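Here's the letter readout for the chains.
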Amino acid sequence: MRRFYAPPENFSKDKIALSLEETRHLRDVLRLRAGEKARVFDGAGKEFLGEIEAIAKKATILKIIEEISPSAPESELDLTLAVALLKGEKYDLVLQKAVELGVTNFAPVTTKRADVKLKDAEKKRERWQKIALEAAKQSGRARLMRIETPREFTEFTKSAQGTKILFAERGGAQFDAIVADKKITAIVGPEGGWEDSEIEIAGANGFQIVTLGGRILRAETAAMTIAALLQNHFGDLR
Ligand code: SAH
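Residues numbered from 1 in each chain as written. Predicted model: local features only at pLDDT ≥ 70, side-chain atom pairs only at ≥ 80, totals over all residues. Heavy atoms only, no water.

Draft legend 1. Quick look at the overall build of the chain. When its secondary structure is counted, the chain shows seven helices and 13 strands. For the chain, the C-alpha atoms occupy an extent of roughly 60 × 35 × 30 Å along the three principal directions. Counting only contacts in the chain whose residues sit at least 6 apart along the sequence, the fraction spanning at least 24 positions is 73%. Accessible area of the chain: about 11900 Å², with a carbon and sulfur share of 49%. (Helix = DSSP H or I, 4+ residues; strand = E, 2+ residues; numbered from the N terminus. Contact = heavy atoms within 4.5 Å. Areas by Shrake-Rupley, 256 points an atom, 1.4 Å probe, with all protein chains shown as cover.)

Okay, structure coming up:
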């Protein structure tokens, strides 16, 4: 069954209003009609079964039949994945995969060798939100991955929470040595790698430095691999 998204404020006691964009998708692409059923999730973790009541030019109204369990349950791991900004489509890919891999929070950071500047990153947020929404629909998540405001590396490391891990290409503890509870912040460096001073700053702010050993992974490969490994060891990918 088709899934649509509506933010919590579009829900009333027994009705849901879909936006213009979702209406276009429902009406023009999927060609659904009044009387048909659809799933709607609110991005905050709830999902409902509804029946299409009216399709107007700019909105669709559904009657809520019942609350249902989300298509895919959320991982018990509260994972913040911080990734140094990368150029163009690579970053879009990382965001999409982060949603599929059950990342809770995504934090874009600038580092000394990052490919994108902070002020340019801010302009990309709208596109990132769209990618995250599409990925949530596709993967069955009812909670949207939160995308934080892009921040500078040092500032980010100071406010990070939970078990804090910086993944380094050059050395550090082994992955198996990680002791973590259900809240983890993991950070992945840029294509150009970390500068020594950044690894020191992270260490001073309570980050464990971990290496996967093996080969040097490209930043986007590292981000996806790390999310999958953490979800496997501490979350719900088994
Ligand atoms: N240009 C660097 C590689 C950077 S890889 C060099 O040639 O040495 C980009 C990021 O991916 C790294 O900063 C790190 O966070 C992560 N990464 C890549 N390979 C890794 C590995 N084997 N173990 C842990 N992290 C890795």
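Let's pick the thread back up.
Draft legend 2. Broad picture of the packing of aromatic side chains. In total, this model carries six aromatic pairs according to the counting rule given. Aromatic pair Phe-11 and Phe-48: ring centres 5.2 Å apart, planes at 45 degrees, arrangement tilted. Taken together, the residues span a long stretch of sequence, with Phe-11 in the loop between β1 (3-5) and β2 (15-18) and Phe-48 in strand β4 (residues 47-55) at a distance of 37 residues. Across this residue pair, the class does not change: Phe-11 and Phe-48 are buried. On the numbers, 5.7 Å between centres and 75 degrees between planes, the contact of Tyr-91 with Phe-106 is edge-to-face. With a gap of 15 residues between them, Tyr-91 in helix α2 (residues 88-100) and Phe-106 in strand β7 (residues 105-110) connect regions that are remote in the sequence. Within the aromatic cluster, the residues linked to one another by ring pairs are Tyr-91, Phe-106 and Trp-128. A cation sits over an aromatic face here: Arg-3 above Phe-41, 4.3 Å from the ring centre. (Phe/Tyr/Trp six-rings, centres within 6.5 Å; stacked < 30°, edge-to-face > 60°. Buried < 20%, exposed > 50% of the residue type's maximum accessible area, 1.4 Å probe, protein only. Lys NZ or Arg CZ within 6 Å of the ring centre and 35° of its normal.)

Draft legend 3. Quick look at helix α1 (residues 20-29). Those residues of α1 not exposed but buried are Glu-22, Thr-23 and Leu-26. The buried residues of α1 occupy an angular sector of 105 degrees when the element is viewed end-on, so they sit on one face. Considering only its buried residues, α1 is in contact with β1, β2, β4, β5 (60-68) and α4 (125-139). Remark: Arg-31 follows α1 within two positions and exhibits a positive phi of approximately 55 degrees. (Arc of directions from axis to C-beta.)

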